[in-house]
Amino acid sequence: MVRVMQNAPLITDRKALMANRRRADHDGGMFLQTTAADDLQDRLSMVNRTFTSPAIVTPFPKIWEGRFEDAVIVPDDEVLSLTPGAHDLVIHAMALHWANDPVGQLIQCRHALQNDGLLLTAGFGGQTLNELRACLAQAESEITGGLSSRILPMAEIRDLGGLLQRAGFALPVADGLPLTVSYESAFHLMKDLRAMGETSALTSRRKEFSRRDVFQRAAEIYAESYSDKGRIKATFDLIFMTGWAPDASQPKPLRPGSAEHRLADALGTKEGKLPRS
């Protein structure tokens, strides 16, 4: 049995997150989910292997229906409904950024994989909505003299890559796909976030309605600072991660000092001592 970390800080209010997802536009608001799904399928097409028992962790199963035959689709609950050792492929799709215990989620995925099974993840990274974050902070500081938790803190790519190693995956790789989307105004962006089910579900968020003048000022700052040809830009930083369940057949780094040829000989250069400082 996989134990989920009991003392992990509760960044996400799961009840609020589920409510946001129920209100999402599951037909018209999923363009980033679809983009991530298409990219993951492209990545899998380059893997020289046929996967016969995939599992997909996703809050929006409709995006994945029909993409993989006989795939087991499970929600991104704190404890995942995955059978240990039952899958040769696990995809964690656009939900890891909301996890209170992301390492625990990855460990559960690793336990669900067979030896040499593949994990693929997609989620939002640290530069996501950096423009909106800055504008809301400036507007609230000007009008109320304080700051509120409004946008989920998201990990940078170097930190996410480290999570794979902590979870025990071999051959970990992380890379990013920054996307810039244009909107008529900040209010149109926020409307789109509601359609995605990606509005704030932070435990520390303001529970009462925010003042409209804060959002109005944030929209003005946004238009002044991040507009191009009359439209504002918004960054969505998609981060993809790949890791393999350990297996004896996988390549391993050579022992230090075991090389049989010098790099200088291979490059056709002469070795020399570094000058003393």
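A. Spotlight on the overall build of the chain. Summing up its helical and strand segments, the chain has 8 helices and 7 strands in all. The 277 residues of the chain split such that 44% are buried. Carbon together with sulfur atoms contributes 53% to the accessible area of the chain, which is approximately 15,600 Å² in total.

B. Region of the structure containing the packing of helix H4 (residues 130-144) against helix H7 (residues 212-225). Put simply, H4 and H7 touch, their axes get as near as 8 Å, and they point 130 degrees apart. In terms of their interaxial angle, H4 and H7 are classed as oblique. In this structure, the crossing between H4 and H7 has a hand that is right-handed. Together, Glu-131, Leu-132, Cys-135, Leu-136, Gln-138, Ala-139, Glu-140, Glu-142, Ile-143 and Thr-144 of H4 and Asp-213, Val-214, Phe-215, Arg-217, Ala-218, Ile-221 and Tyr-222 of H7 make up the contact between the two elements. Its residues assigned to classes, the contact of H4 with H7 shows 10 nonpolar, 2 polar and 5 charged.

C. Quick peek at the pairing of strand S1 (residues 54-57). Covered by surrounding structure in S1 are Pro-54 and Ile-56 together with Ala-55 and Val-57, the residues of both alternating faces. Alignment of S1 against strand S3 (residues 87-93), held across 4 bridges, turns out to be parallel. Bridged to Pro-54 within S3 is Leu-89. Relative to strand S2 (residues 72-74), S1 runs parallel, the two sharing 3 bridges. Among the inter-strand pairings, Ala-55 is bridged to a residue of S2, identified as Val-72.

D. Structural view of the packing of aromatic side chains. Here the structure, examined in full by the defined rule, presents 3 aromatic pairs. Ring centres of Trp-64 and Phe-68 lie 6.2 Å apart, and the angle between their planes is 25 degrees; this geometry places the pair in the stacked category. Using a relative accessible area of 2% as the deciding quantity, one classes Trp-64 as buried. Among the residues examined, Phe-68 registers a relative accessible area of 19% and is labelled buried. Residues Tyr-222 and Tyr-226 carry aromatic rings whose centres are separated by 5.6 Å and whose planes lie at 75 degrees to one another, so their mutual orientation is edge-to-face. The ring centre of Trp-64 lies 5.9 Å from the NZ or CZ of Arg-67, which sits over that ring.

Cut-offs used in this document
Residues numbered from 1 in each chain as written. Predicted model: local features only at pLDDT ≥ 70, side-chain atom pairs only at ≥ 80, totals over all residues. Heavy atoms only, no water. Helix = DSSP H or I, 4+ residues; strand = E, 2+ residues; numbered from the N terminus. Buried < 20%, exposed > 50% of the residue type's maximum accessible area, 1.4 Å probe, protein only. Areas by Shrake-Rupley, 256 points an atom, 1.4 Å probe, with all protein chains shown as cover. Axes fitted to C-alpha atoms, helices over the stretch in contact; angles between N-to-C directions. Parallel < 35°, antiparallel > 145°, perpendicular 65-115°, else oblique. Left-handed = near helix turned anticlockwise from the far one by under 90°. Contact = heavy atoms within 4.5 Å. Nonpolar A, V, L, I, M, F, W, Y, C, P; charged D, E, K, R; others polar. Pairing = 2+ DSSP bridges. Phe/Tyr/Trp six-rings, centres within 6.5 Å; stacked < 30°, edge-to-face > 60°. Lys NZ or Arg CZ within 6 Å of the ring centre and 35° of its normal.

Spatial relationships are all this shows, so hold off on functional conclusions.
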